[in-house]
Amino acid sequence: MEAIVLVGGQGTRLRPLTIGTPKPMLPAAGVPFLTHQLARARAAGVDHVVLATSYRAEVFAAHFGDGSSLGLRLDYVTEREALGTGGGIRNVADRLESAPGDPVLILNGDILSGHDIVAQVAAHRAARAAVTLHLVRVADARAFGSVPTDAEGRVTAFVEKSPEPVSDQVNAGCYVFSREVIDAIPAGRVVSVERETFPELLQSGRLIVGHVDDAYWLDVGNPAAYIKASADLVRGVIASPAVDLPGEAWLADGTEVVADAQVCGGASIGPGALVQAGARVDGSIVMTGAGIGADSHIVRSVVGRNAQIGAGCVLVDAVVGDGARIGAGNELAAGARIWPGITVPDVAIRFSSDI
Ligand code: GTP
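Residues numbered from 1 in each chain as written. Predicted model: local features only at pLDDT ≥ 70, side-chain atom pairs only at ≥ 80, totals over all residues. Heavy atoms only, no water.

**Section: the overall build of the chain**
Link 1 in the chain: Broken down by element type, the chain carries 8 helices and 28 strands.
Link 2 in the chain: Relative to its length of 355 residues, the chain is compact, with a C-alpha radius of gyration of 21 Å against a globular reference of 20 Å.
Link 3 in the chain: By principal-axis analysis of the C-alpha atoms, the chain measures approximately 65 × 45 × 35 Å.
Link 4 in the chain: By the burial criterion, 52% of the 355 residues in the chain qualify as buried.
Link 5 in the chain: When contacts within the chain are restricted to residue pairs at least 6 apart in sequence, long-range pairs at least 24 apart make up 51% of them.
Link 6 in the chain: When the 28 positive and 39 negative side-chain charges of the chain are each reduced to one mean point, those points stand 3 Å apart. (Helix = DSSP H or I, 4+ residues; strand = E, 2+ residues; numbered from the N terminus. Rg over C-alpha atoms; globule rule 2.2 N^0.38 Å. Buried < 20%, exposed > 50% of the residue type's maximum accessible area, 1.4 Å probe, protein only. Contact = heavy atoms within 4.5 Å. Lys, Arg positive; Asp, Glu negative; His and termini not counted. Charge placed at Lys NZ, Arg CZ, Asp CG, Glu CD.)

**Focus on the nonpolar core**
Link 1 in the chain: Membership of the largest hydrophobic core comes to 27 residues, with the highest contact counts inside it found for Ile4, Ile89, Ile106, Val131, Phe177, Ile182 and Phe198.
Link 2 in the chain: Breaking this core down by element, the ones donating at least two residues are β1 (2-6), β4 (48-53), β6 (103-108), β8 (131-137), β9 (169-178), α6 (179-183) and α7 (193-203).
Link 3 in the chain: Apart from residues no more than four positions distant in its own chain, Val131 is found in contact with His124, Tyr175, Val176, Phe177, Val181, Phe198, Leu201, Leu207, Ile208 and Val209.
Link 4 in the chain: By size, the runner-up hydrophobic cluster in this structure holds 25 residues, among which are Ala261, Val281, Cys313 and Leu315. (Core = buried A, V, L, I, M, F, W, Y, C linked by side-chain atoms within 4.5 Å.)

**What about the sheet that holds β8?**
Link 1 in the chain: With respect to topology, 7 strands assemble into an open sheet ordered β5-β4-β1-β6-β9-β8-β10, the strand pairing being mixed. Both outer strands of the open sheet, β5 (73-78) and β10 (208-212), are each paired with one neighbouring strand and no more. Direction aside, neighbouring strands of the sheet carry axes that sit 25° apart on average.
Link 2 in the chain: Bridge count for β6 against β9 is 5 bridges, and the pairing is antiparallel. Its bridge partner lying in β9, Val104 is registered against Phe177.
Link 3 in the chain: This element, helix α4 (residues 84-91), spans β1, β4, β5, β6 and β9 of the sheet and lies at about 140° to β1. (Pairing = 2+ DSSP bridges. Axes fitted to C-alpha atoms, helices over the stretch in contact; angles between N-to-C directions.)

**Let's talk about the domain arrangement of the chain**
Link 1 in the chain: Each assigned domain of the chain is listed with its residue range as follows: domain 1 (2-223) and domain 2 (248-344).
Link 2 in the chain: Between the C-alpha centres of domain 1 and domain 2 there is a distance of 33 Å.
Link 3 in the chain: At the junction of the two partners, domain 1 supplies 12 residues and domain 2 supplies 13 residues.
Link 4 in the chain: Together domain 1 and domain 2 conceal approximately 960 Å² of surface at their shared face, both sides included; 71% is due to carbon and sulfur atoms.
Link 5 in the chain: It is Pro16, Leu17 and Pro27 that lose the most area in domain 1 upon contact with domain 2, and together they represent 48% of the buried surface on that side.
Link 6 in the chain: On inspection of domain 1 and its partner domain 2, the count reaches 0 salt bridges.
Link 7 in the chain: The interface formed by domain 1 and domain 2 holds 3 residue pairs in polar contact (both at pLDDT 80 or more) in total.
Link 8 in the chain: Considered class by class, the residues forming the side of domain 1 that touches domain 2 number 8 nonpolar, 2 polar and 2 charged. (Domains from an automatic or database assignment. Buried area = accessible area lost by both parts, 1.4 Å probe. Salt bridge = Lys/Arg side-chain N within 4 Å of Asp/Glu carboxyl O. Polar contact = N/O pair within 3.5 Å; in protein donor to acceptor, adjacent residues only side chain to side chain. Nonpolar A, V, L, I, M, F, W, Y, C, P; charged D, E, K, R; others polar.)

**Here's the deal with the pattern of salt bridges**
Any two side chains of opposite charge can pair, so long as their charged atoms come close to each other.
Link 1 in the chain: Summed over the entire model, instances satisfying the criterion amount to 16 salt bridges.
Link 2 in the chain: One salt bridge in this structure joins Arg154 and Glu152, with 3.1 Å as the shortest N-O distance.
Link 3 in the chain: Residues Arg300 and Asp317 are paired through a salt bridge, measuring 2.9 Å at the closest nitrogen-oxygen approach. In this pair, Arg300 sits in the loop between β20 (297-299) and β21 (302-303) while Asp317 sits in the loop between β23 (314-316) and β24 (319-320), placing the two residues 17 residues apart along the sequence.
Link 4 in the chain: Each of Asp150, Glu152 and Arg154 takes part in salt bridges that share partners, so that together they form one network.

**Comments concerning the site of the ligand**
Link 1 in the chain: Around the ligand, 18 residues are found, and the nearest of them are Leu6, Thr12, Glu79, Gly84 and Gly109.
Link 2 in the chain: Note that an oxygen atom of the ligand is positioned 2.9 Å from one of the backbone N or O atoms of Gln10.
Link 3 in the chain: For the ligand, an oxygen atom lies 3.3 Å from a polar atom in the backbone of Leu83.
Link 4 in the chain: Contact with the protein chains removes 80% of the 620 Å² of surface that the ligand exposes when unbound.
Link 5 in the chain: Each residue belonging to the shell around the ligand can be placed in one class, and the counts come to 5 nonpolar, 9 polar and 4 charged. (Near = heavy atom within 4 Å. Areas by Shrake-Rupley, 256 points an atom, 1.4 Å probe, with all protein chains shown as cover.)

The structure is reproduced here in C-alpha cells:
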C-alpha cells in the first residue's frame, strides 16, 4: 500500500523550535518525530511513501534519503508555495502508483496515534468508501470542528468549531482516500481537505466513513503536546516500532549525565548534551549539544540544540530555543519561550509568585 504524509506546515504554534527545524523533524524519543509515523505506516503494510513537503523541505531528504533504512521507498514532492492539506495531497498524485479504486493512506505529519491503521483500511474497503477518516472522541470538542456520523458510521456533516459542538467526534488527521478521489482534487491551488474536499464529497453524495478508534491519540501541535509525545514514547505509554526499549529516560550515545544528576519522567537527552551534578531533568527534551548547569531543575520543558542553561535554574513548561544562553539562577515558568541565540543574564527572570 502507498501513503502520503503531509509535512509542509510551518508549525507556528511550536515556534521558536520550528524556526530552524520543521515540526515533523523535531526529535521525539531520540529520533525525528516523523520516524515514528513512518515506522507505524511500515508496520501497517505501507511500502511506498510520498512526503508532501513545503516549509524547510530540504531537511527531510537529507535525513531519510531513499527510506531504505526504514524498509520503505520514499519520494519527496515540494510545493513552491504551500498548497494546504488538499492541495498538498493533489500535488503528489503523479508519484502514486496505485490504481483507481485502490486505498491510499494519508497522514498528517504531526499526529501521534496508536490506532489500528489496518482496521481503518479494512473498513474503507468493506464500505467501498470514497474516504475513510479516523475519528477520535474528545472530552471537550469546542476547540475542534466536529464530525457526526449516522448509525452505520457514515459521516453526515463537517461542522466548524462551536461553543456547543454537535458531536464529540473529531477528525484525527489520518485518512484513507480512494485513489481517484485524490486525482479529482483541483490542481495548482490552495485546497483544504477539511473545509473544501470533504464537504464537497458529501454534497455530491459520495460516501465518507468515520472510523472511530479511541486508542492513544495526540495532536503534536504545541510545546506541551510535543513534550508529552516524546515522554510518552520514551516511557512506552504509546508503543513505536522506532523505540527499542521503553524506560524512564532516553540518553543518546555520547551523552554525559554526571553521577548524581537525575534524568526521569520520559526525558530525552540528545547527542553530546551534558547534564551537570545535582541537576534534575524530568519529562523534558534536551537537544543535541545542550548543557544543563549544576543543580538546575528542568521540568516538562525543551532545551534546544546547543542551548546552555546555567547553574541553579528552574524551568517548568518552558521552551529555550537553539543556542540560547540562560544565565545562572533564572526561573522560567509556564509558557516562557526564549528565542534562539538570546542571552539571559544571571538571575534576570524569576517566577511571578516570588515578586
Ligand atoms: P501550525 O502553524 O502551528 O498550525 O502548524 P502546521 O503548519 O503544521 O499546521 P497544521 O497543524 O494545521 O497542519 C496539519 C498537517 O498538515 C501538518 O502535518 C502539516 O505539516 C501539514 N500541512 C499544513 N499545511 C500544509 C501545506 O500547505 N502543504 C503541505 N504539504 N502540508 C501542510
